[in-house]
Amino acid sequence: MPTDESVQGPLQATRQLMINVSRNPELSARRLQMWATYETEIQAALLEQRLTDSLTAQVLAHQMILVLQIMFAEAIPDELWQARVTRIFNATSQVASLTNEVDMTL
């Protein structure tokens with residue numbers, strides 16, 4: 001994961017925002033609605049562009065949002081959070097490469 005300020009600054013700002021949101025029940029509920037909307041929109045975009053079938057689009061959209069949910073699930077110390085983000089991106093890359101190697105057609 002890039003470590004330059006152009007990526008780290010906005011990522012840290014988003015992290016702080018999510019920490020503040022998680023402390024407020026109303027905002028936390030709205031965050032869940034937002035992620036559900038994003039997931040639906042990602043799935044629709046994949047289908048609109050004819051990049052995959054409906055089931056695969058649903059799985060990919062869910063996986064993309066799950067990454068965000070894990071990244072911002074809880075407030076943890078900065079040094080642990082950076083390690084968590086790196087592990088999430090590595091795991092996501094591994095899943096993507098496995099998906100590309102397996103014929104998932106029914």
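Treat the numbers as computed from the prediction; the structure is a model and nothing was measured.

Caption draft 1: Molecular detail of the overall build of the protein. When helices and strands are counted, the protein shows 4 helices and 0 strands. N-terminal to C-terminal, the α/β element order of the protein is α-α-α-α. Counting all 106 residues of the protein, 21% fall into the buried class. A separation threshold of at least 6 residues defines the contact pool for the protein, and within that pool the share at least 24 residues apart is 39%. For the protein, the exposed surface amounts to about 7600 Å²; the carbon and sulfur share of it is 59%.

Caption draft 2: Seen up close, the nonpolar core. Core analysis: the largest hydrophobic core is formed by 11 residues, namely Leu11, Met18, Trp35, Ile65, Val67, Met71, Phe72, Ile76, Trp81, Val85 and Ile88. Going through the elements one at a time, helix H1 (5-22), helix H3 (54-71) and helix H4 (78-101) are the ones with two or more residues in this core. The residues contacting Phe72, other than those within four sequence positions of it, are Thr14, Arg15, Met18, Arg31 and Trp81.

Caption draft 3: Local environment of the side chain of Arg31. Structurally, the position occupied by Arg31 is in helix H2 (residues 25-48). Of the residues examined, Arg31 reaches a relative accessible area of 12% and is grouped as buried. Residues within four places of Arg31 in sequence aside, it is in contact with Met18, Val21, Ser22 and Phe72.

Caption draft 4: Quick peek at the environment of Leu46. Within the fold, Leu46 resides in helix H2. Residues Leu46 and Ala57 lie 11 residues apart in sequence; the distance between their C-alpha atoms is 6.0 Å.

Caption draft 5: How the structure looks around the packing of H2 against H3. At a minimum axis separation of 8 Å, H2 and H3 run at an interaxial angle of 140°. For the element pair H2 and H3, the recorded crossing hand is right-handed. Where H2 abuts H3, its residues Trp35, Tyr38, Glu39, Ile42, Gln43, Leu46 and Leu47 lie against Ser54, Ala57, Gln58, Leu60, Ala61, His62, Met64, Ile65, Leu68 and Gln69. Counted by class, the contact of H2 with H3 contains 11 nonpolar, 5 polar and 1 charged residues.

Caption draft 6: Region of interest: the confidence of the model for the protein. Scored by pLDDT, the protein comes out at a mean of 77, with 81% of its residues at no less than 70. The least confident element of the protein, judged by mean pLDDT, is H4 at 71; the most confident is H2 at 90.

Thresholds, definitions, all that
- Residues numbered from 1 in each chain as written.
- Predicted model: local features only at pLDDT ≥ 70, side-chain atom pairs only at ≥ 80, totals over all residues.
- Heavy atoms only, no water.
- Helix = DSSP H or I, 4+ residues; strand = E, 2+ residues; numbered from the N terminus.
- Buried < 20%, exposed > 50% of the residue type's maximum accessible area, 1.4 Å probe, protein only.
- Contact = heavy atoms within 4.5 Å.
- Areas by Shrake-Rupley, 256 points an atom, 1.4 Å probe, with all protein chains shown as cover.
- Core = buried A, V, L, I, M, F, W, Y, C linked by side-chain atoms within 4.5 Å.
- Axes fitted to C-alpha atoms, helices over the stretch in contact; angles between N-to-C directions.
- Left-handed = near helix turned anticlockwise from the far one by under 90°.
- Nonpolar A, V, L, I, M, F, W, Y, C, P; charged D, E, K, R; others polar.
- pLDDT = per-residue confidence, 0-100.

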